[in-house]
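A structural walkthrough
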Amino acid sequence: MRRPAIEAAGVGATEAGDMALARRALARDPDAVRAIIKTHNQRLYRIARGVVRNDAEAEDVVQEAYMRAFSSLAAFRGEASLSTWLSRIVINEALGRLRKRRRIVAMPENPEARIIPFPLNPSDDPERTMAQRQILGLVERATDSLPDVYRSVFVARVIEGLSIEETADLLGVRPETVKTRLHRARSLVRKALDDEIGPVLLDAFPFAGRRCERLTRAVMEGLGFEP
């Protein structure tokens, strides 16, 4: 089935933009490197956090993944989007750490993960802000409690908003497998959450402001760019 001309043109423009940005970064253009990092920080952090269930380790995963990605940027051919290419590297790094962690020490059945604070806005109503923090805490704890095989699908599909096909491509499984795992993940999450908190899922695991800037600076310095 052929894609509509407008959609195909949009995809082509995205791919061309990715390749152009990658070429600039490969030529060590600091603005291009910074643009790539800041554009993808949120998605990559959420994916990493969904796998390792620890905010500090997720930052380490993303930083290491960026270093691997920029050192092998010549391998990026634009066959997938830059976002997908980077996400695969993050997934591999996060899963590798998870396997290594399990070899070193057995994982407890219900590990207690530190909940990432909801970013406060001083202008918000205090009661509303507190309610948001409590809801997001429930979302994050419910997500952390999912078995690994379901959690990665849930984070990619529900929290990050990837399509079935994108999630399947990212995790290296069939779309049917994504659908099955997602159904099970949602069933498990519903046991801990009320239906009305669904709209706040996209704000879970925030990664912006100073944390985003800190990681960007660390990667830039690791690549040899002046601070």
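Scope of this entry: the structure provided in the associated data block.

What counts and what doesn't
- Residues numbered from 1 in each chain as written.
- Predicted model: local features only at pLDDT ≥ 70, side-chain atom pairs only at ≥ 80, totals over all residues.
- Heavy atoms only, no water.
- Core = buried A, V, L, I, M, F, W, Y, C linked by side-chain atoms within 4.5 Å.
- Buried < 20%, exposed > 50% of the residue type's maximum accessible area, 1.4 Å probe, protein only.
- Helix = DSSP H or I, 4+ residues; strand = E, 2+ residues; numbered from the N terminus.
- Contact = heavy atoms within 4.5 Å.
- Phe/Tyr/Trp six-rings, centres within 6.5 Å; stacked < 30°, edge-to-face > 60°.
- 1 Å grid on protein atoms, 1.4 Å probe; cavity = no way out; pocket = protein on both sides within 12 Å on 5 of 7 lines; lining within 4 Å.
- Points joined across faces, edges and corners; volume = space filled by probe spheres on them.
- Nonpolar A, V, L, I, M, F, W, Y, C, P; charged D, E, K, R; others polar.
- Salt bridge = Lys/Arg side-chain N within 4 Å of Asp/Glu carboxyl O.
- Arc of directions from axis to C-beta.
- Axes fitted to C-alpha atoms, helices over the stretch in contact; angles between N-to-C directions.
- Parallel < 35°, antiparallel > 145°, perpendicular 65-115°, else oblique.
- Left-handed = near helix turned anticlockwise from the far one by under 90°.

Details of the nonpolar core
One broad trend across soluble globular proteins is that nonpolar side chains are buried collectively. Core analysis: the largest hydrophobic core is formed by 40 residues, its most contacted members being V33, I37, Y66, F70 and W85. Elements with a contribution of two residues or more to this core: α1 (5-26), α2 (30-52), α3 (55-71), α4 (82-104) and α9 (209-222). At 10 residues, α2 tops the list of elements feeding residues into this core. Excluding anything up to four places from it in sequence, V33 contacts A25, F70, M220, L223 and F225. If you look at the next biggest cluster of nonpolar residues, it comprises 13 residues, including V153, I164, L182 and A185.

Some thoughts on the packing of aromatic side chains
Remark: the centre distance and the inter-plane angle together describe each pair of aromatic rings, the angle taken between the planes. Under the definition given, this model contains 2 aromatic pairs. Ring geometry for Y66 and F70: centres 6.1 Å apart, planes at 20°, overall stacked. Taken together, the residues Y66 and F70, both in helix α3 and 4 residues apart, mark about one turn of the helix. Arranged with centres 5.4 Å apart and planes meeting at 55°, the rings of F76 and W85 form a pair that is tilted. One exposure class covers both F76 and W85, and it is buried.

Things to note about empty space enclosed by the protein
Counting across every chain of the model gives 1 cavity of 30 Å³ or more. Estimated volume of the largest cavity: approximately 40 Å³. In terms of lining residues, the largest cavity is bounded by R43, T84, S87, L162, E166 and L170. Taken together, the elements giving at least two residues each to the lining of the largest cavity come down to α4 and α7 (164-171). Considered class by class, the residues forming the lining of the largest cavity number 2 nonpolar, 2 polar and 2 charged.

Notes on the pattern of salt bridges
Applying the stated criterion across every chain yields a total of 11 salt bridges. Of the charged contacts in the structure, one is a salt bridge between D31 and R34, with a shortest N-O distance of 3.7 Å. With D31 and R34 both in helix α2 and 3 residues apart, this pair spans about one turn of that helix. With a closest N to O distance of 3.0 Å, R97 and E93 form a salt bridge.

A look at the environment of I36
Within the fold, I36 resides in helix α2. When the C-alpha atoms of I36 and Y66 are compared, they prove to be 9.6 Å apart, with 30 residues separating the residues in sequence. Non-local contacts of I36, meaning those with residues more than four positions away in its chain, are made with L21, A25, Y66, F70, L82 and L86.

Considering the side chain of T167
Tracing the chain through its elements places T167 in helix α7. With relative accessibility at 0%, the residue T167 sits in the buried group.

Brief notes about α7
Among the residues making up α7, those that are buried are I164, T167, A168 and L170. Buried residues of α7, seen end-on, are gathered within an arc of 165° and therefore sit on one face of the element. One or two positions beyond α7, positive phi appears at G172, with a value near 70°.

Thoughts on the packing of α2 against helix α6 (residues 148-159)
Orientation of α2 relative to α6, taken along the N-to-C sense of each, is 155°, at an axis distance of 8 Å. Put simply, α2 runs roughly antiparallel to α6. Remark: the crossing between α2 and α6 carries right-handed chirality. Between α2, through R46, I47, G50 and V51, and α6, the contact on the second element is made entirely by R151, V155 and I159. The residue inventory of the contact of α2 with α6, partitioned by class, reads 4 nonpolar, 1 polar and 2 charged.

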